[in-house]
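A look at the structure
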Amino acid sequence: MKIASRKSKRELRHVRVRRKLSGSPDRPRLAVFKSAKHIYAQIIDDLKAHTLVSASSLTPKVKEMLGQEKLKKTDSAKIIGKYIGELSVSMGIKEVCFDRGGYPYHGRIQAFAEGAREAGLVF
């Protein structure tokens, strides 16, 4: 009997979703990845295979926004969502397709998406 890990199951879900979901110049893909401590996001044009905007909890400007106080990971995910939303809107990207990376729409992924929507992204 084969036992699949949580990581391999997530990767399978991501592959299954990516078959149907791809970013275009009109509507690029907002991809999210989360690790145990950090969250990473990119806005990608899949036709050119080019990253248009990226942000993470390790980006220097985001680290300043997060400050020295200890925030919950969901709160920091919402701040990062707002940051990448503001960056993309300033670049003229208003509509994206959201690629949650095989993660359930819950917790940090949901907080990230709400922050991006508050900043003006439509998905």
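Residues numbered from 1 in each chain as written. Predicted model: local features only at pLDDT ≥ 70, side-chain atom pairs only at ≥ 80, totals over all residues. Heavy atoms only, no water.

1. Observations regarding the packing of aromatic side chains
Rules: Only Phe, Tyr and Trp rings are paired, with Trp represented by its six-membered ring, and only when their centres lie within 6.5 Å; those with planes under 30 degrees apart are stacked, over 60 edge-to-face, the remainder tilted. Exposure is judged per residue with a 1.4 Å probe applied to protein chains only, and the accessible area is read against the type maximum: over 50% gives exposed, under 20% gives buried, and values in between give partly exposed.
For the coordinates displayed, the defined rule picks out 5 aromatic pairs. With a centroid separation of 6.5 Å and an interplanar angle of 90 degrees, the aromatic rings of Phe 98 and Tyr 105 are classed as edge-to-face. Under the relative-accessibility criterion, Phe 98 is labelled buried at 17%. Three or more aromatic residues link up through ring pairs in this structure, and these residues are Phe 98, Tyr 105, Phe 112 and Phe 123.

2. A word on the packing of helix α3 (residues 73-90) against helix α4 (residues 108-118)
Using the following cut-off: Simply put, an axis is a line fit to the C-alpha atoms, just over the touching stretch for a helix, and the angle between two N-to-C directions goes from 0 to 180 degrees. Here a strand is any run of E in DSSP of at least two residues, a helix any run of H or I of at least four, and the numbering for each starts at the N terminus. Left-handed is the label given to a crossing in which the near helix is rotated counterclockwise from the far helix by less than a right angle, and right-handed is the label when the rotation is clockwise. Any pair of residues with heavy atoms lying within 4.5 Å of one another is described as a contacting pair.
As a packed pair, α3 and α4 sit with axes 7 Å apart at the nearest point and diverge in direction by 35 degrees. At the point where α3 passes α4, the crossing takes the right-handed sense. Only Arg 108, Ala 111, Phe 112, Glu 114, Gly 115, Ala 116 and Glu 118 of α4 make contact with α3, whose side of the interface consists of Lys 73, Thr 74, Ala 77, Lys 78, Ile 80, Gly 81, Lys 82, Ile 84 and Gly 85.

3. A short note on the environment of Val 17
Position of Val 17 among the secondary structure elements: in helix α1 (residues 6-20). Judged by its relative accessible area of 31%, Val 17 falls in the partly exposed class. Taking the C-alpha atoms as reference, Val 17 lies 17 Å from Gln 42; in sequence the two are 25 residues apart.

4. A short note on the layout of surface pockets
The following threshold applies: Note on definitions: the grid is 1 Å and covers protein atoms alone; a cavity is a set of points where a 1.4 Å probe fits but cannot get out; a pocket is an open set with protein on both sides within 12 Å along at least five of seven lines; lining residues have an atom within 4 Å of a point. Grid points are joined across faces, edges and corners, and a volume is the space filled by probe spheres set on the points. Only Asp, Glu, Lys and Arg are considered charged in this grouping, and only Ala, Val, Leu, Ile, Met, Phe, Trp, Tyr, Cys and Pro are considered nonpolar; every other residue, Gly among them, is considered polar.
Approximately 410 Å³ is the volume attributed to the largest pocket. Along the wall of the largest pocket there are 16 residues; nearest its centre are Lys 37, Leu 66, Lys 70, Leu 71 and Ser 76. Contributing elements (two or more residues each) for the lining of the largest pocket: α2 (60-66) and α3. When residues of the lining of the second largest pocket are traced back to their parent elements, those giving at least two are α1 and β1 (29-34). Broken down by element, the lining of the second largest pocket gets its largest block of residues, 4 residues, from α1. Taken together, the residues of the lining of the second largest pocket break down into 4 nonpolar, 3 polar and 5 charged.

5. Overview of the nonpolar core
Put simply, the rule is: In plain words, nonpolar cores are sets of buried Ala, Val, Leu, Ile, Met, Phe, Trp, Tyr and Cys residues tied together by side-chain atoms within 4.5 Å.
Among the nonpolar cores identified, the biggest contains 23 residues, and Leu 30, Ile 43, Ile 84, Phe 98 and Phe 112 are the most heavily contacted of them. Those elements that place two or more of their residues in this core are β1, β2 (39-45), β3 (50-56), α2, α3 and α4. With 5 residues, α4 is the largest single contributor of residues to this core.

6. Comments concerning the confidence of the model for the protein chain
Heads up, the condition is: pLDDT runs from 0 to 100 and stands for how confident the predictor is about each residue.
Averaged over every residue, the pLDDT of the protein chain is 93; the share at 70 or more is 99%. Put simply, α2 is where the protein chain has its lowest mean pLDDT, 90, and α4 is where it has its highest, 98.

7. Description of the environment of Arg 13
Heads up, the condition is: Here a polar contact is recorded for every N or O atom pair within 3.5 Å, except that within protein the pair must consist of a potential hydrogen donor and a potential acceptor, and residues adjacent in sequence are included only if both atoms are side-chain atoms.
In this fold, Arg 13 is placed in helix α1. Assessed through its relative accessible area of 31%, Arg 13 is described here as partly exposed. Along the chain, Arg 13 and Phe 112 lie 99 residues apart, while their C-alpha atoms are 19 Å from each other. Here Gly 102 takes part through its backbone oxygen, which lies 2.8 Å from a polar atom of the side chain of Arg 13.

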